[in-house]
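Structure at a glance
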Amino acid sequence: MYDPVQLRTFLTVAQTLSFTQAAGRLGVRQSTVSQHVRRLEEATGRPLFLRDTHRVELTEDGEALLGFARTILEAHERAAAWFTGTRLRGRLRFGASEDFVLTRLPEILEGFRHEHPEVDLELSVELSGTLHERLDAGRLDLVLAKRRGPGDERGRLVWRDRMVWIGAEGLRVDPDRAVPLIVFPPPGITRARALEVLEREGRAWRIACTSGSLSGLVAAARAGLGVMAHTRGLIPPGLVRVQGLPELGPVEFALLRGERSSQAAEALAAAILAGADRLTRPA
């Protein structure tokens, strides 16, 4: 009933919220993306996206189809691997941004390990800036991290969102006092964005807490020590958006390959792209 090619296109649009970006990732024309979505909507008998010239959003039925689509595609890929006798081997050095510590990324990695038990997977969890540096130095084979900023189009787009300010519930930022910041150390991309935005708006700031781990930053924020810049779709439990501060702008997460290409890296990249909606769900 549901064509795997159309389902893969649907998932890509749902992850990027852009028909244009989905076409770029899939390597097809935008008209082909629209055609796939239209045929899938005809098959389900339901609209899957609300779209106009400015935005694309999933409908309630589109949200429901996300899980079904991922399950169907995973089953399809397992069957294909079984009957083609694909056996990947070797060592794969994978780096993931701290942003995904509290998400369901481990489920994707567990599925990959189940499908490819002979791949020796080495996982590094670091700041996005550090991951970029390690990838450029040839110390990682595949990285899932924030893009460095506007104009950075390296890698395959996995997910686009916006950055927001978050803090403990009830926290208020006094407009006449320096903004208390909870930040990663350099070369954190989120840290750089927060400081850049405040400097541009002429807002005074001070560092209230620095930690190299997301759990440390979240603990400080829950204690009410200050505010932190964070991806809107990944707000940890116990923290809420804080108003009254300058807009932080968009953020993009991408998969970047190292110079040493391998089938294992490509297989893991495909698994992450297929399950990217899990990255916005808490573990």
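The coordinates are above.
As a starting point, this report considers the structure included with it. Since the structure is predicted, the reported quantities are computational estimates derived from the model, not experimental observations. (Residues numbered from 1 in each chain as written. Predicted model: local features only at pLDDT ≥ 70, side-chain atom pairs only at ≥ 80, totals over all residues. Heavy atoms only, no water.)

**Considering the environment of Leu-279**
What counts here: Only DSSP runs of H or I covering at least 4 residues are called helices, and only runs of E covering at least 2 are called strands; the numbering of each starts at the N terminus. We call two residues in contact when some of their heavy atoms are within 4.5 Å.
For Leu-279, the location among the structural elements is in the segment after helix H9 (263-274). Taking the C-alpha atoms as reference, Leu-279 lies 11 Å from Arg-160; in sequence the two are 119 residues apart. Leaving out residues up to four positions away in the same chain, Leu-279 has contacts with Phe-100, Thr-103, Leu-105, Ile-108, Leu-144, Val-158, Leu-234 and Ile-272.

**Considering the pairing of strand S11 (residues 250-257)**
Spelled out, the test is: The rule is simple: take the accessible area with a 1.4 Å probe, protein chains only, and divide by the maximum for that residue type; under 20% is buried, over 50% is exposed, in between is partly exposed. Any two strands with at least two DSSP bridges between them are considered paired.
For S11, the tally of buried residues reaches 6 of 8 residues, placing the bulk of the element in the interior. Two elements, strand S5 (residues 142-146) and S11, share 5 bridges in a ladder whose sense is antiparallel. Its bridge partner lying in S11, Ala-145 is registered against Ala-254. Note that strand S6 (residues 156-168) and S11 share 6 bridges and pair antiparallel. Directly across from Leu-157, in S11, lies its bridge partner Ala-254.

**A look at the packing of helix H1 (residues 4-16) against helix H2 (residues 19-26)**
Test applied: Every axis in this analysis is a line fitted to C-alpha atoms, fitted for helices over the stretch in contact. Angles between the N-to-C directions lie between 0 and 180 degrees. Orientation labels follow simple angle bins: below 35 degrees gives roughly parallel, above 145 gives roughly antiparallel, 65 to 115 gives roughly perpendicular, and whatever is left gives oblique. Handedness of a helix crossing follows the sense of rotation of the near helix relative to the far helix, less than a right angle counterclockwise being left-handed and clockwise being right-handed.
For the pair H1 and H2, the least separation of the axes is 8 Å and the interaxial angle reads 125 degrees. With respect to H2, the axis of H1 lies oblique. Crossing of H1 against H2: the hand is right-handed. For the pair H1 and H2, contact is made by Arg-8, Thr-9, Thr-12, Val-13, Gln-15 and Thr-16 and by Phe-19, Gln-21, Ala-22, Arg-25 and Leu-26, respectively.

**Considering the packing of H1 against helix H3 (residues 30-44)**
Inclusion rule: Charged means Asp, Glu, Lys or Arg here, nonpolar means Ala, Val, Leu, Ile, Met, Phe, Trp, Tyr, Cys or Pro, and polar covers whatever is left, Gly included.
Where H1 meets H3, the closest approach of the two axes is 9 Å, and the angle between their N-to-C directions is 110 degrees. The orientation of H1 relative to H3 falls into the category roughly perpendicular. Counting all contacts with H1, which are made through Val-5, Gln-6, Leu-7, Thr-9, Phe-10 and Val-13, the residues of H3 involved are Val-33, His-36, Val-37, Arg-39 and Leu-40. Taken together, the residues that form the contact of H1 with H3 break down as 7 nonpolar, 3 polar and 1 charged.

**Notes on the side chain of Arg-203**
Applicable threshold: Counted charges follow a simple rule, with Lys and Arg positive, Asp and Glu negative, and His plus the chain ends left uncounted. Note on definitions: salt bridges are taken to be side-chain nitrogens of Lys or Arg within 4 Å of carboxyl oxygens of Asp or Glu.
Mapped onto the secondary structure, Arg-203 falls in the loop between helix H7 (189-201) and strand S8 (205-210). Among buried charged residues, Arg-203 stands out as having no salt bridge; its nearest opposite-charge side chain is Asp-174, 7.2 Å away. For Arg-203, the contacting residues outside a window of four places in its chain are Val-173, Asp-174, Pro-175, Val-179, Leu-198, Gly-244, Leu-245 and Pro-246.

**Notes on the packing of aromatic side chains**
Under the convention used in this document: Only Phe, Tyr and Trp rings are paired, with Trp represented by its six-membered ring, and only when their centres lie within 6.5 Å; those with planes under 30 degrees apart are stacked, over 60 edge-to-face, the remainder tilted.
Taken as a whole, this structure holds 4 aromatic pairs when the rule is applied. With a centroid separation of 6.0 Å and an interplanar angle of 70 degrees, the aromatic rings of Phe-19 and Phe-49 are classed as edge-to-face. Highlighted residues: Phe-19 in helix H2 and Phe-49 in strand S1 (residues 49-51), separated in sequence by 30 residues. Its relative accessible area of 4% is what places Phe-49 among the buried residues. A connected cluster of aromatic rings, assembled from ring pairs, spans Phe-10, Phe-19 and Phe-49.

**Considering the pattern of salt bridges**
In this structure the tally under the stated criterion is 17 salt bridges. For Arg-51, the salt bridge goes to Glu-41, with nearest N and O atoms at 3.6 Å. Placement of the pair is Arg-51 in strand S1 and Glu-41 in helix H3, with a sequence separation of 10 residues. Ionic pairing is found between Arg-93 and Asp-141, a salt bridge with its closest N-O pair at 2.8 Å. Residue Arg-93 is found in strand S3 (residues 90-97), and its partner Asp-141 is found in the loop between helix H6 (128-136) and S5; the two are separated by 48 residues along the sequence. The same class applies to Arg-93 as to Asp-141, namely buried.

**Section: H7**
To keep it simple, the criterion reads: In this scheme, a helix's expected span is set at 1.5 Å multiplied by one less than its residue total.
Counted at 1.5 Å a residue, the expected span for H7 with its 13 residues is 18 Å, and the 19 Å between its end C-alpha atoms agrees. Ile-189, Thr-190, Arg-191, Arg-193, Ala-194, Leu-195, Val-197 and Leu-198 are the residues of H7 that are buried. In the stretch just after H7, Gly-202 is the one whose phi turns positive, near 75 degrees.

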